[in-house]
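Residue strings, one per chain:
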Amino acid sequence: MPAPTNSDDVIDSRDVIERIDELEDELRDLEDAADDAADDSVRVAEILAEVEAWKTGEEGRELAALQALAAEASDYADDWQHGATLVRESYWPTYARELVEDVGDLPRGIPSYIVIDWEATADNLKVDYTEVDFDGTTYLVR
């Protein structure tokens, strides 16, 4: 599964947790390499420079963004460890419609001349969710 990004419409918290673990393992491996090279001060300096480059590079920024998301969202999602769904705010009306249809709250066979205001329905459902920030993008979670 690709790493979660703030351009995803829907994110599973387990994917966030897994990616954080992967990135933390990468960083730990680099830091361990510095410990293993303790007898070679030149090599230790090189590895420490790699660690700093990693922390300020793409992976480090990704790790920081995912950790911030996890810290904020896990406070609001009781099922964070077992699979909470985060929905990008711009995708919310579509998600709300699918949710209503999937749980059976919408009767089948509604005539086409009846119009449902899905924006208003999405707003009504939103009261059960909390907004969280993922690297500048708003997601909804509960």
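Going by the structure above, here's the rest.
Heads up: these notes are all about the structure in this document.

Procedures and definitions
- Residue numbers here run from 1 along each chain, matching the order of that chain's written sequence.
- Confidence filtering applies because this is a predicted model: local features only for residues at pLDDT of at least 70, side-chain atom pairs given and counted only at 80 or more, and all residues used for totals across whole chains, interfaces and linings.
- Excluded from the side-chain calculation are hydrogens and water; included are all heavy atoms of the structure.
- What counts as a helix is a DSSP run of H or I of at least four residues, what counts as a strand is a run of E of at least two, and both are numbered from the N terminus.
- For each residue, the accessible area found with a 1.4 Å probe, counting protein chains only, is set against the maximum for its type, and the residue is called buried under 20%, exposed over 50%, and partly exposed in between.
- Here a polar contact is recorded for every N or O atom pair within 3.5 Å, except that within protein the pair must consist of a potential hydrogen donor and a potential acceptor, and residues adjacent in sequence are included only if both atoms are side-chain atoms.
- Our arc is simply the arc of the directions from the helix axis toward the C-beta atoms.
- Here a residue-residue contact requires only that any non-hydrogen atoms of the pair lie within 4.5 Å.
- For this analysis, a ring pair means two rings from Phe, Tyr or Trp (six-membered ring only for Trp) whose centres lie within 6.5 Å, classed as stacked if their planes differ by under 30 degrees, edge-to-face if by over 60, and tilted for the remaining angles.

Overview of the side chain of serine 13
Tracing the sequence through the fold places serine 13 in helix α1 (residues 13–36). With a relative accessible area of 0%, serine 13 lands in the buried category. Within the local environment of serine 13, its side chain forms a polar contact with the backbone nitrogen of alanine 84, the two atoms lying 2.8 Å apart.

Some words on unusual backbone geometry
With phi around 50 degrees, aspartate 135 is a residue other than glycine that occupies positive phi space. Relative to the helices and strands, aspartate 135 resides in the loop between β3 (130–134) and β4 (137–141).

Points about helix α5 (residues 92–102)
Residues Trp92, Pro93, Tyr95, Ala96 and Val100 constitute the buried set of α5. For α5, the arc enclosing every buried residue in end-on projection is 160 degrees, short of the 170-degree limit, so these residues lie on one face. Along its buried surface, α5 packs onto β1 (10–12), β2 (85–88), α6 (118–126) and β4. Looking one or two residues beyond α5, the residue adopting positive phi is glycine 104, at roughly 85 degrees.

Things to note about the packing of aromatic side chains
Per the counting criterion, the structure on display carries three aromatic pairs. Where tryptophan 92 meets tyrosine 129, the ring centres are 4.7 Å apart and the plane angle is 65 degrees; that geometry is what we call edge-to-face. Taken as a pair, tryptophan 92 in helix α5 and tyrosine 129 in the loop between α6 and β3 lie far apart in primary sequence, 37 residues in all. When sorted by exposure, tryptophan 92 lands in the same class as tyrosine 129, which is buried. When the ring of phenylalanine 134 is compared with that of tyrosine 139, the centres are 6.0 Å apart and the planes differ by 50 degrees; the resulting orientation is tilted. According to the relative accessible area criterion, phenylalanine 134 is buried, its value standing at 3%. One aromatic cluster is present, formed by Trp92, Tyr95 and Tyr129 through successive ring pairs.

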